[in-house]
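One letter stands for each residue in the lines below.
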Amino acid sequence: AAAVLLAVIGYSWFSGVFTPKTEEPGGNEAGQGNGAGASFERSDYEAALERARAWRVDAGLSRASVSTRGETNFIFVSNTLRDKGFTVTVSGGIISAAGEVPFVSTGGELPEDIISSEEAIMKTRQVPGYEDAKILSVEIIYGPDGGTWYWGIKTEKGTVTVKAAR
């Protein structure tokens, strides 16, 4: 199961599924900037969770990827359904897409008391060598230990992992 999880995560990460490709003012591709716009909104999570719970009552968040254009792609899983996940794309509380996908992972409730995506980006900027790194994407991921949430800040120099707990 762990190998399948790693394969799905690796494919998703390296295939560009979570990398935005839009234009920002000034001609830079989105994701090539300072992280502006890559903000996780709790209201988007709540809208996505409600839709996912219509799919499976026990749906729990596995990961969410925030684009610099303000769109968040959530992937939910269910303990009662193996090898399937449910993806919901939300922006400003409005769902633009939702559907079942092949996916193997773990998931759970997103705690209320976590650091924001902006705080995770600020912590990334404190890592030597990443002070001015261009942000490509921001993700929140349910840890494989079954209870710890992490922010993954993908930059042109690599990915910085930040614990989401306060």
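Residues numbered from 1 in each chain as written. Predicted model: local features only at pLDDT ≥ 70, side-chain atom pairs only at ≥ 80, totals over all residues. Heavy atoms only, no water.

Trainee: Pulling in residues and values, what's your account of the confidence of the model for the protein?
Mentor: Of all residues in the protein, 77% have pLDDT values of 70 or greater, and the mean over the chain is 81. Under a pLDDT of 50 for its full length, residues 1-33 has, in the predicted model, 56 contacts with residues more than four places off or in other chains. (pLDDT = per-residue confidence, 0-100. Contact = heavy atoms within 4.5 Å.)

Trainee: Report on the packing of aromatic side chains, specifying residues and quantitative values.
Mentor: Taken as a whole, this structure holds six aromatic pairs when the rule is applied. Ring centres 6.0 Å apart and planes at 70° place the aromatic pair phenylalanine 40 and phenylalanine 74 in the edge-to-face group. One end of the pair, phenylalanine 40, is in the loop between helix H1 (2-14) and helix H2 (42-55); the other, phenylalanine 74, is in strand E2 (residues 72-78), with 34 residues separating them in the sequence. Both residues of the pair, phenylalanine 40 and phenylalanine 74, belong to the buried class. Measuring from centroid to centroid gives 5.7 Å for phenylalanine 40 and tryptophan 151, while their planes differ by 75°, and the two rings are edge-to-face. A residue pair is termed long-range when its members are at least 10 positions apart, and phenylalanine 40 in the loop between H1 and H2 and tryptophan 151 in strand E6 (residues 149-155) qualify at 111 residues. Pair check on accessibility: phenylalanine 40 and tryptophan 151 agree, each one buried. Among the aromatic residues, ring-to-ring pairing joins Phe40, Tyr45, Phe74, Phe76 and Trp151 into one connected group. (Phe/Tyr/Trp six-rings, centres within 6.5 Å; stacked < 30°, edge-to-face > 60°. Helix = DSSP H or I, 4+ residues; strand = E, 2+ residues; numbered from the N terminus. Buried < 20%, exposed > 50% of the residue type's maximum accessible area, 1.4 Å probe, protein only.)

Trainee: With reference to specific residues and values, describe the environment of glycine 107.
Mentor: Note that glycine 107 resides in the loop between strand E4 (94-102) and helix H3 (117-125). Each C-alpha atom, one on glycine 107 and one on glycine 143, is 8.3 Å from the other, the two residues being 36 residues apart in sequence. Once residues within four sequence positions are removed from consideration, glycine 107 is found in contact with Gly60, Leu61, Ser62, Val77 and Tyr142.

Trainee: Tell me about unusual backbone geometry, and please be specific about residues and values.
Mentor: Residues apart from glycine generally show negative phi values, whereas peptide bonds are mostly found in trans. One non-glycine residue, aspartate 83, adopts positive backbone phi at about 65°. Relative to the helices and strands, aspartate 83 resides in strand E3 (residues 81-91). Exposure remark for aspartate 83: the relative accessible area of 45% places this residue in the partly exposed category.

Trainee: I'd like a description of H2, backed by residues and values.
Mentor: The end-to-end C-alpha distance of H2 is 20 Å, a good match for the 20 Å that 14 residues give at a rise of 1.5 Å each. For H2, the set of buried residues is Asp44, Tyr45, Ala47, Ala48, Leu49, Ala52 and Trp55. Next to the buried residues of H2 lie strand E1 (60-66), E2, E3 and E4. (Expected span 1.5 Å × (residues − 1).)

Trainee: Provide a residue-level description of the environment of glycine 99, including the pertinent values.
Mentor: As for its position among the elements, glycine 99 is in strand E4. Separated by 12 residues in sequence, glycine 99 and threonine 87 place their C-alpha atoms 5.5 Å apart. Those residues in contact with glycine 99, other than ones at most four positions away along the chain, are Gly85, Phe86 and Thr87.

Trainee: Give me the pairing of E3: which residues, what numbers.
Mentor: As paired elements, E2 and E3 share seven bridges and run antiparallel to each other. Paired with phenylalanine 76 across the bridge in E3 is phenylalanine 86. Across eight bridges, E3 lies against E4 in antiparallel orientation. Across the sheet, the residue bridging to lysine 84 is proline 102, located in E4. Taking the residues that link successive antiparallel strands as the turn, the E3-E4 hairpin has two residues, and the phi of glycine 92 there is positive, at about 60°. (Pairing = 2+ DSSP bridges.)

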